[in-house]
Amino acid sequence: MQYKVSFNNANKVFFNALKHSVEDYFKTNNIKKTGNAALYIKTGILIGGTVALYFTLLYVAMPLILTLLLCGLFGLCMAFIGFNIMHDANHGSFSSRKWVNEIFGLTLNFVGGNAFMWKLKHNIIHHTYTNIDGVDDDLNNLPFMRECKTQEWKPMHRFQGYYMFVLYGFTSISMWLADFTKYFSKKIYTTELKPMDLKEHLIFWITKAMYVTAYVVVPIVVVGWQHWLVGFCVMHFVLGLFLALVFQLAHVVEHAEFSVAGIEPVKIENEWAIHQVKTTANFAAKNKLITWLVGGLNFQIEHHLFPRISHVHYPHISKIVRETCEQFNIRYNYFPTMAAAVGSHFRIMNELGKKP
């Protein structure tokens, strides 16, 4: 069923004021909204380091504990590639050149996803209908989880605050498998998947085959299936855990609001931009290391308002966004540290786990 959701965008007073201030910032400072040298240097470090780790794990003999640690680090590096490179590229903010964004957007395919489906699932569905149950597929990513009050409660949810961290470790594997469901059903949750042209069909199958070759076939041939299986599980668990956790801290935390879509058309009372602020949260804005590692995704409010601006600019425009929110009396959800955000996520998942 295709649910219909609209926003009260008649005036867009808040977003017009905010957009004017942000545009003025870029014009005054004479800088592009896309990536800069710092991002491209980071890209080289992350991709180069990940490739080096891959071949080290294949061809360098090491003690078991060191091998497992490097497998975990390999998973972390793949997550960082997703946060920093893939995410910007598939939003069109990595570079001002479309072909560059398309190439680096394909890094998602080598992390386990598919760029074509991601652009619909994330860029369009999630960024438009954020935290709207029945439409936002991010609220339906993993089974056995209740992420908002409008979802059905089941007895197992009483313990979800604890088992969720284990489930999060399966995020990347689930993402890889879910692509096939979306491909053959031609649907992402309740939204029809737009038709894929021949190029996208070829990219889908070729990169899935390359993924299996690089992460399954070659390692089994080189190190044996037992060593491969342990390393593969460690790598994917770390990758999945960090992917899920960073994205969950943006929306499934205290004070973030939720809505629900149904059979009848739904109209959200706020304009789209206000809805984005109310359903999203920032964390650890002053921690430069976390900002560097998670690709500015700790500035999720700024990202949701301006997804086509590269994350390297979010720390600079966050002050503008926060001041504009205060001017319009709109709550700006913020946690001072990542630990505080994780704690909030833990508390809300425990609360949602209680029987209504």
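See the structure above.
Overview of the structure. (Residues numbered from 1 in each chain as written. Predicted model: local features only at pLDDT ≥ 70, side-chain atom pairs only at ≥ 80, totals over all residues. Heavy atoms only, no water.)

Description of unusual backbone geometry
One non-glycine residue, Lys12, lies in the positive phi region at around 50°. Among the secondary structure elements, Lys12 is positioned in the loop between strand 1 (5-7) and helix 1 (13-29). Here Lys12 falls in the partly exposed class, since its relative accessible area comes to 36%. Phi angles above zero are rare outside glycine, and Lys186 is one such case at about 55°. Checked against the element boundaries, Lys186 lands in the loop between helix 8 (171-185) and strand 3 (187-188). (Helix = DSSP H or I, 4+ residues; strand = E, 2+ residues; numbered from the N terminus. Buried < 20%, exposed > 50% of the residue type's maximum accessible area, 1.4 Å probe, protein only.)

Observations concerning the state of the cysteines
Two cysteines form a disulfide when their sulfur atoms are joined by a covalent bond. Scanning the model with the defined rule gives zero disulfides in all. Note on Cys233: no disulfide assigned, nearest cysteine sulfur contributed by Cys71 at a separation of 10 Å. (Disulfide = S-S within 2.5 Å.)

Details of the packing of aromatic side chains
Here the distance between the centres and the angle between the planes together describe a pair of aromatic rings. In this structure the tally under the stated criterion is 27 aromatic pairs. A centroid spacing of 6.4 Å and a plane angle of 20° characterise the contact between Phe7 and Tyr129, whose relative ring orientation is stacked. Here Tyr129 lies in the loop between helix 6 (115-128) and strand 2 (132-133) and Phe7 lies in strand 1, a separation of 122 residues in the sequence. Classification of Phe7 by relative accessible area gives buried; the value is 11%. (Phe/Tyr/Trp six-rings, centres within 6.5 Å; stacked < 30°, edge-to-face > 60°.)

A short note on empty space enclosed by the protein
Over the atoms, a rolling probe the size of a water molecule traces out where space has been left empty. Across all of its chains, the model carries one cavity of 30 Å³ or more by this definition. Breaking the lining of the largest cavity down by element, the ones donating at least two residues are helix 6 and helix 8. (1 Å grid on protein atoms, 1.4 Å probe; cavity = no way out; pocket = protein on both sides within 12 Å on 5 of 7 lines; lining within 4 Å. Points joined across faces, edges and corners; volume = space filled by probe spheres on them.)

A closer look at the layout of surface pockets
What the largest pocket holds in volume is close to 660 Å³. For the largest pocket, the lining is made up of 35 residues, of which Lys121, Asp137, Asp138, Asn141 and Thr171 are closest to its centre. Put simply, the parts of the chain that give the lining of the largest pocket at least two residues each are helix 3 (64-90), helix 5 (107-111), helix 6, helix 8, strand 3 and helix 10 (225-251). The greatest single-element share of the lining of the largest pocket, amounting to seven residues, is contributed by helix 8. Each residue belonging to the lining of the largest pocket can be placed in one class, and the counts come to 17 nonpolar, 12 polar and six charged. Those elements that provide at least two residues to the lining of the second largest pocket are helix 2 (37-59), helix 3, helix 9 (198-223) and helix 10. Of the residues forming the lining of the second largest pocket, the biggest block, seven residues, is contributed by helix 10. (Nonpolar A, V, L, I, M, F, W, Y, C, P; charged D, E, K, R; others polar.)

Here we look at the pattern of salt bridges
Where side chains of opposite charge bring their charged atoms close, a pairing between them can arise. For the structure on display, the rule yields seven salt bridges. In this structure, the salt-bridge partner of Lys121 is Asp138, at a minimum N-O distance of 3.1 Å. One end of the pair, Lys121, is in helix 6; the other, Asp138, is in the loop between strand 2 and helix 7 (160-168), with 17 residues separating them in the sequence. Residue Lys121 is classed as buried on the basis of its relative accessible area of 9%. A relative accessible area of 17% means that Asp138 is categorised as buried. One network of salt bridges, in which partners are shared, links Lys121, Asp137 and Asp138. (Salt bridge = Lys/Arg side-chain N within 4 Å of Asp/Glu carboxyl O.)

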